[in-house]
Protein chains: 2
Amino acid sequence: MEEKIPYKIYLSEDELPKQWYNVRADMKNKPAPLLNPGTLQPLTLEDLNPIFCEELNKQELDNDTKYFDIPDEILSFYKMYRPSPLVRAYFLEKALGTPAKIYYKFEGNNTSGSHKLNSAIAQAYYAKKQGLKGVTTETGAGQWGTALSMASTYFGLDCKVFMVKCSYEQKPFRREVMRTFGASVTPSPSNTTNVGRKILEEHPGTTGSLGCAISEAVETAVSNEGYRYVLGSVLNQVLLHQTVIGQEVQTALKKYGIKPDILIGCTGGGSNLGGFATPFIGEMLRGEADYKIIAAEPASCPSFTKGKFAYDFADTGRICPLAKMYTLGSQFIPSANRAGGLRFHGMSTILSQLYHDGLFECRAVEQTEVFKAAVTFARAEGTLPAPESSHAIKIAIDEALKCKETGEAKTIVFNLSGTGYFDLVAYERYNSGTMDDVIPTDEELEKYFAMLPKVD
Amino acid sequence: MEEKIPYKIYLSEDELPKQWYNVRADMKNKPAPLLNPGTLQPLTLEDLNPIFCEELNKQELDNDTKYFDIPDEILSFYKMYRPSPLVRAYFLEKALGTPAKIYYKFEGNNTSGSHKLNSAIAQAYYAKKQGLKGVTTETGAGQWGTALSMASTYFGLDCKVFMVKCSYEQKPFRREVMRTFGASVTPSPSNTTNVGRKILEEHPGTTGSLGCAISEAVETAVSNEGYRYVLGSVLNQVLLHQTVIGQEVQTALKKYGIKPDILIGCTGGGSNLGGFATPFIGEMLRGEADYKIIAAEPASCPSFTKGKFAYDFADTGRICPLAKMYTLGSQFIPSANRAGGLRFHGMSTILSQLYHDGLFECRAVEQTEVFKAAVTFARAEGTLPAPESSHAIKIAIDEALKCKETGEAKTIVFNLSGTGYFDLVAYERYNSGTMDDVIPTDEELEKYFAMLPKVD
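As the structure is a prediction and not an experimental result, all values here were calculated from the model.

Caption draft 1: How the structure looks around the overall build of chain A. The secondary structure content of chain A amounts to 18 helices and 15 strands. The globule rule puts the C-alpha radius of gyration for 456 residues at 23 Å, and the 21 Å found for chain A is close to it. Based on the C-alpha atoms only, the size of chain A along its principal axes is roughly 60 × 50 × 45 Å. Per-residue burial over chain A gives 63% buried out of 456 residues. Counting only contacts in chain A whose residues sit at least 6 apart along the sequence, the fraction spanning at least 24 positions is 77%. Total accessible area on chain A is roughly 16000 Å²; 50% of this is exposed by carbon and sulfur atoms. Computed over 48 positive and 54 negative side-chain charges, the inter-centroid distance for chain A is 3 Å.

Caption draft 2: Here's a closer look at the environment of A:Gly131. All names here are of chain A. The residue Gly131 is located in the loop between helix H5 (117-129) and strand S6 (134-139) in this model. Gly131 gets classed as exposed once you look at its relative accessible area, which sits at 56%. With 96 residues separating them along the chain, Gly131 and Tyr227 place their C-alpha atoms 9.6 Å apart.

Caption draft 3: Looking closely at the side chain of A:Thr267. Relative to the elements of secondary structure, A:Thr267 occurs in the loop between strand S10 (262-266) and helix H12 (271-285). Looking at A:Thr267, the relative accessible area reads 2%, which means it is buried.

Caption draft 4: Molecular detail of the relation of the copies chain A and chain B. Mapping chain A onto chain B leaves a residual RMSD of 0.0 Å; the transformation is a rotation of 180° accompanied by 0.0 Å of translation along its axis. As the rotation angle and translation indicate, the two copies are arranged about a two-fold axis. A shared interface surface links the copies, since 100% of the contact residues of chain A are contact residues in chain B too.

Caption draft 5: Quick peek at the nonpolar core. Within the largest apolar cluster, 241 residues are counted, with the highest numbers of intra-cluster contacts made by A:Phe360 and B:Phe360. Among residues more than four places away in sequence, those in contact with A:Phe360 are A:Leu273, A:Ile281, A:Ile293, A:Ala295, A:Phe304, A:Leu351, A:Leu354 and A:Tyr355.

Caption draft 6: Geometry of the packing of aromatic side chains. By the definition in use, this model includes 53 aromatic pairs over all chains. Consider the rings of A:Tyr78 and A:Tyr81, whose centres lie 6.3 Å apart with planes at 80°: the pair is edge-to-face. Each of the two residues, A:Tyr78 as well as A:Tyr81, counts as buried. Following the ring pairs from residue to residue traces out a cluster consisting of A:Tyr7, A:Phe91, B:Phe77, B:Tyr78, B:Tyr81, B:Tyr125, B:Tyr126, B:Tyr154 and B:Phe155.

Caption draft 7: Examining the interface of chain A and chain B more closely. On the chain B side, the residues contacting the 42 residues of chain A number 42 residues. Between chain A and chain B, roughly 3800 Å² of surface is buried when both sides are summed, and carbon and sulfur atoms account for 60% of that area. Counting the contacts that link chain A with chain B gives 0 salt bridges. Ranked by the residues each element gives to the side of chain A that touches chain B, the list is headed by helix H8 (residues 172-180) of chain A, at 6 residues.

Caption draft 8: Geometry of the packing of H8(A) against helix H17 (residues 424-431) of chain B. At a minimum axis separation of 9 Å, H8(A) and H17(B) run at an interaxial angle of 45°. Comparing their axes, H17(B) and H8(A) come out oblique. Pair H8(A) / H17(B) crosses with left-handed handedness. Here A:Phe173, A:Arg175, A:Glu176, A:Val177, A:Arg179 and A:Thr180 of H8(A) come into contact with H17(B), specifically with B:Leu424, B:Val425, B:Tyr427, B:Glu428 and B:Asn431. Counted by class, the contact of H8(A) with H17(B) contains 5 nonpolar, 2 polar and 4 charged residues.

Caption draft 9: Highlighting helix H11 (residues 236-255) of chain A. All names here are of chain A. When the terminal C-alpha atoms of H11 are compared, their 29 Å separation across 20 residues agrees well with the 28 Å that a helix rising 1.5 Å per residue should span. By the largest-angle criterion, Gln242 marks the main kink of H11, which is about 35°. Burial within H11 is extensive, with 16 of its 20 residues counted as buried. One or two positions beyond H11, positive phi appears at Gly257, with a value near 65°.

Caption draft 10: Focus on the domain arrangement of chain A. All names here are of chain A. Partitioning chain A into structural domains gives domain 1 (8-15 + 81-113 + 239-449) and domain 2 (20-70 + 115-229). One C-alpha centre belongs to domain 1, the other to domain 2; they are set 23 Å apart. On the side of domain 2, 40 residues touch domain 1, which itself brings 41 residues to the contact. In total, domain 1 and domain 2 occlude about 3500 Å² of area from one another, counting both sides; carbon and sulfur atoms represent 63% of this. Among the residues of domain 1 in contact with domain 2, Leu240, His241 and Phe422 are the three that bury the most area, contributing 21% of the side total. Residue Asp423 is joined to Lys171 by a salt bridge in which the shortest nitrogen-to-oxygen separation is 3.9 Å. Of all the elements in the fold, those that place two or more residues in the side of domain 1 that touches domain 2 are H11, H12, strand S12 (308-313), strand S13 (322-327) and helix H14 (349-356). A breakdown of the residues in the side of domain 1 that touches domain 2 according to their chemical character gives 18 nonpolar, 16 polar and 7 charged.

Caption draft 11: Up close: the sheet that holds strand S7 (residues 158-164) of chain A. Residue and element names in this part refer to chain A. Strand order across the open sheet formed by 4 strands is S8-S7-S6-S9, with parallel pairing between neighbours. Two strands bound the open sheet, and with one partner strand each, they are strand S8 (184-188) and strand S9 (227-229). Strand after strand, the sheet turns through a mean of 25° between neighbouring axes, direction not considered. In terms of strand pairing, S7 meets S8 through 5 bridges, oriented parallel. Following the sheet pairing, Val161 is matched in S8 by Val185. Against the sheet, helix H10 (residues 210-223) engages S6, S7, S8 and S9, with an angle of about 170° to S6.

Caption draft 12: Quick peek at the pattern of salt bridges. In total, this model carries 44 salt bridges over all chains according to the counting rule given. B:Asp26 is paired through a salt bridge with B:Arg286; the nearest N and O atoms lie 2.8 Å apart. Within this pair, whereas B:Asp26 is found in the loop between strand S2 (19-21) and helix H1 (45-48), its partner B:Arg286 is found in the loop between helix H12 (271-285) and strand S11 (292-298), the two being separated by 260 residues in sequence. Residue classification places B:Asp26 among the buried residues on the basis of a relative accessible area of 14%. Residue classification places B:Arg286 among the partly exposed residues on the basis of a relative accessible area of 30%. Note that B:Glu176 is salt-bridged to B:Arg175, the shortest N-O span being 3.6 Å. Classification of B:Arg175 as buried rests on a relative accessible area of 13%. Linked through salt bridges whose partners overlap, the residues forming this network are A:Lys292, A:Glu361, A:Arg363, A:Glu399 and A:Lys402.

Caption draft 13: Broad picture of the sheet that holds strand S15 (residues 411-416) of chain B. The 7 strands lie next to each other as S1-S4-S5-S15-S10-S11-S14 (chain B), forming an open sheet whose pairing is mixed. Sheet topology places strand S1 (8-9) and strand S14 (361-365) of chain B at the edges, where each strand pairs with a single neighbour.

Caption draft 14: Broad picture of the environment of A:Lys133. Residues and elements named next belong to chain A. Structurally, Lys133 is set in the loop between H5 and S6. For the pair Lys133 and Asp158, spaced 25 residues apart in sequence, the C-alpha separation works out to 6.2 Å. Excluding residues that lie within four positions of it along the chain, Lys133 makes contacts with Leu157, Asp158, Glu225, Gly226 and Tyr227.

Caption draft 15: Looking closely at the pairing of strand S5 (residues 101-106) of chain B. Residue and element names in this part refer to chain B. A large share of S5 lies buried, amounting to 5 of its 6 residues. As paired strands, strand S4 (residues 86-88) and S5 are joined by 3 bridges and run antiparallel to one another. Pairing of Arg88 across the sheet is with Tyr103, part of S5. Examined bridge by bridge, S5 and S15 share 6 bridges and lie parallel to one another. Residue pairing across strands places Lys105 opposite Asn415, the latter belonging to S15.

Caption draft 16: Geometry of unusual backbone geometry. That bond from A:Ser188 to A:Pro189 is cis: its omega, 5°, falls within 30 degrees of zero. Inspection of the secondary structure puts A:Pro189 in the loop between S8 and helix H9 (194-202). The linkage connecting B:Arg82 with the following residue, B:Pro83, adopts the cis geometry, with an omega of -10°. By the secondary structure assignment, B:Pro83 is in the loop between helix H3 (72-78) and S4. If you check the backbone angles, B:Leu40 has positive phi at about 60° while not being a glycine. Locating B:Leu40 in the fold gives a position in the loop between S2 and H1. Notably, B:Val234 is not glycine yet its phi reads approximately 65°, a positive angle. Tracing the backbone shows B:Val234 in the loop between strand S9 (227-229) and helix H11 (236-255).

Calculation notes
- Residues numbered from 1 in each chain as written.
- Chains lettered and ligands numbered in written order.
- Predicted model: local features only at pLDDT ≥ 70, side-chain atom pairs only at ≥ 80, totals over all residues.
- Heavy atoms only, no water.
- Helix = DSSP H or I, 4+ residues; strand = E, 2+ residues; numbered from the N terminus.
- Rg over C-alpha atoms; globule rule 2.2 N^0.38 Å.
- Buried < 20%, exposed > 50% of the residue type's maximum accessible area, 1.4 Å probe, protein only.
- Contact = heavy atoms within 4.5 Å.
- Areas by Shrake-Rupley, 256 points an atom, 1.4 Å probe, with all protein chains shown as cover.
- Lys, Arg positive; Asp, Glu negative; His and termini not counted.
- Charge placed at Lys NZ, Arg CZ, Asp CG, Glu CD.
- Least-squares fit on C-alpha atoms with pLDDT ≥ 70 in both.
- Core = buried A, V, L, I, M, F, W, Y, C linked by side-chain atoms within 4.5 Å.
- Phe/Tyr/Trp six-rings, centres within 6.5 Å; stacked < 30°, edge-to-face > 60°.
- Buried area = accessible area lost by both parts, 1.4 Å probe.
- Salt bridge = Lys/Arg side-chain N within 4 Å of Asp/Glu carboxyl O.
- Axes fitted to C-alpha atoms, helices over the stretch in contact; angles between N-to-C directions.
- Parallel < 35°, antiparallel > 145°, perpendicular 65-115°, else oblique.
- Left-handed = near helix turned anticlockwise from the far one by under 90°.
- Nonpolar A, V, L, I, M, F, W, Y, C, P; charged D, E, K, R; others polar.
- Expected span 1.5 Å × (residues − 1).
- Bend = angle between axes of the 7 residues up to and from the residue.
- Domains from an automatic or database assignment.
- Pairing = 2+ DSSP bridges.

See the structure below:
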């Protein structure tokens, strides 16, 4: 082991970022605006304010302000679990026998188990500041719901989580964490909303879907005085809040004089990749540096590598705004045997534009290969990674093994966005050799592309 | 918040303890020796070597060496997850409105989820050094088995875990973590051992017991060439390895000029309390300092507060050595509705002697009160605690609330030995209001005391 660089680089609390970085301010080609699905006109604050918190809507629509000050109350909460460590993966390097220098930012060292808490606490803060009583949201795998429960209880806000019924029943542990943090968790579809009752009537015995849970959460927010709806990924505001990740990485690297060659993040809706990579992409946009940035996406839901860059609905139910993004079509539903998250058919509009403009590349990876990488990582580094994060691990290991062949000592940095303690059903499938992956064919995808709304 | 003391105190890797501290060297009244159950003579290395690793047996019997150097290979592994943070519980203090200053050492920030890894890696190292092929052990709740799996895979040792059958079936997630780290996990009783086959024959359909799993693990170790048995608590060697906890706390407190008034740890077999508290007890024994040290034990398994200080079998099956300890009787089995660990009828011989000599006090706490404290802590500090550790939280909150009444700003330090991510069945019971506690009556205990072996 090198003496100079410790196994874990912990910044001091004074080194916490004081501002969120808005990459849109540095983009020449701004992300295309969200469109009102009725009028096809760009969404305005007036459209958004009945559903989302006002201050967050300003952040959502602001393409120009480069830095937003992080309010003191949020900074104080961040100190509960931040700065998160940047880990030098000495043990993984040794296990691989690579000359590459591998680092990972570890965002899983909090009870929500992922980076989601970075935006949850910001959204809860602005809801409280607006004088609201509570927030509503949906959750699938449960990481976002857990993070929001923790953030809401901190500010004394009520938190109503609609959890897809099959997850509610199959993941009772996630549900109990949310309840322990004071959230009410309702299996969706439920009879507490009009949309839920309608679905239950038409499809008795349904196990629910994320689209349906979103609709119930939105209806509950707009029909209850003092409630707003909040969302854990995809939105510009979420990417903004998540830039504490990338900024901390920049500070830590600078402190030790480390210059990364390759940066890797997994991507579903974009909150993790956006938060980790856009501070570095900003350097590239400003001509200050050049990096090879790689997004890792699942081969079973390959939005970047197989999708179209077009306006599409953000939800299966086609009631949400239209976003210009890489999409597999709003009617595309990834194979049910996909483990964990990264199941969204679309992508953040910011990341979509940056990808279109060639700021980073993307690789699609298959599930069994991802879990193989996850187990290699776990045994070497002693941390059980989330399936989502393990997509980034897989690419990092691939790149490190290339270095082994060429003898190059490249510096690879990836984001370990979460832990896998609540994903052991998936690990069980992998350990038992019963895991596989269903990859959509080009013919299937053409079917969904044909249903894209005609906007451009 | 005070400016001077950060939320989390992280020591540097250079500040890791380089030696384990053996409190026995400072004790005037040494712990009574383990006795061979056949001869009633003190156990010798010759008795122990066929079952346990040689170097560990030397540590077990050594009452005189004050410090043992930690081998470099173990120090290197410790850097994977140590030094662990000492957290100032600012958020909990605020939630309680107390003038007390509360700190906790957080030992749950690794994938095993507890402090158990500190001894697992040491035991795996000495097994490897002895040229062994593998180790065997038993696990109930699964924390020890997980830690040993992680340690064994690091040194390329085979790891055979016997898991009590009811836990194997009810805690499939713990089992999968162990499998992910390469261990073989066998539900006990099994047909892989003589003792297992005998039990299955006599009690078909039994869900197993810890006593039975111990017997199977020991039989497997002694009947397979190149295997030894290892244990995660109670033993002197385990307390020795765990002193990295207390020594790190001492270094962190010293660095910031903090003088603790009250130190609190939970106790089942003693590994957590021993590791956390004996470095401070050493200061007391040497006349260098004075602390109020409080052990927290479950009211349903109250070894210290209701037990007898006497020689007793360490196992229900009465085949293990006799230990002089605080015991409820080897036939005492705590109520099945006890959540988590802390179920052992006896106690570490070291801690038993120290308690007998008045070096610390002990309080028994009820399960529902423990979970109430756990939820208060989780909501304030953002970490879901293990049920075991929450016994210490309960006492810490009690002491902090006393300070609120008296206006004293005492400094309270407790050990948060683990996280509760795999204990959500217990949290579910608490959240649903269906948790209770079964506390043994004095009459019941007299029955078990009457069965104590006549040795002294």
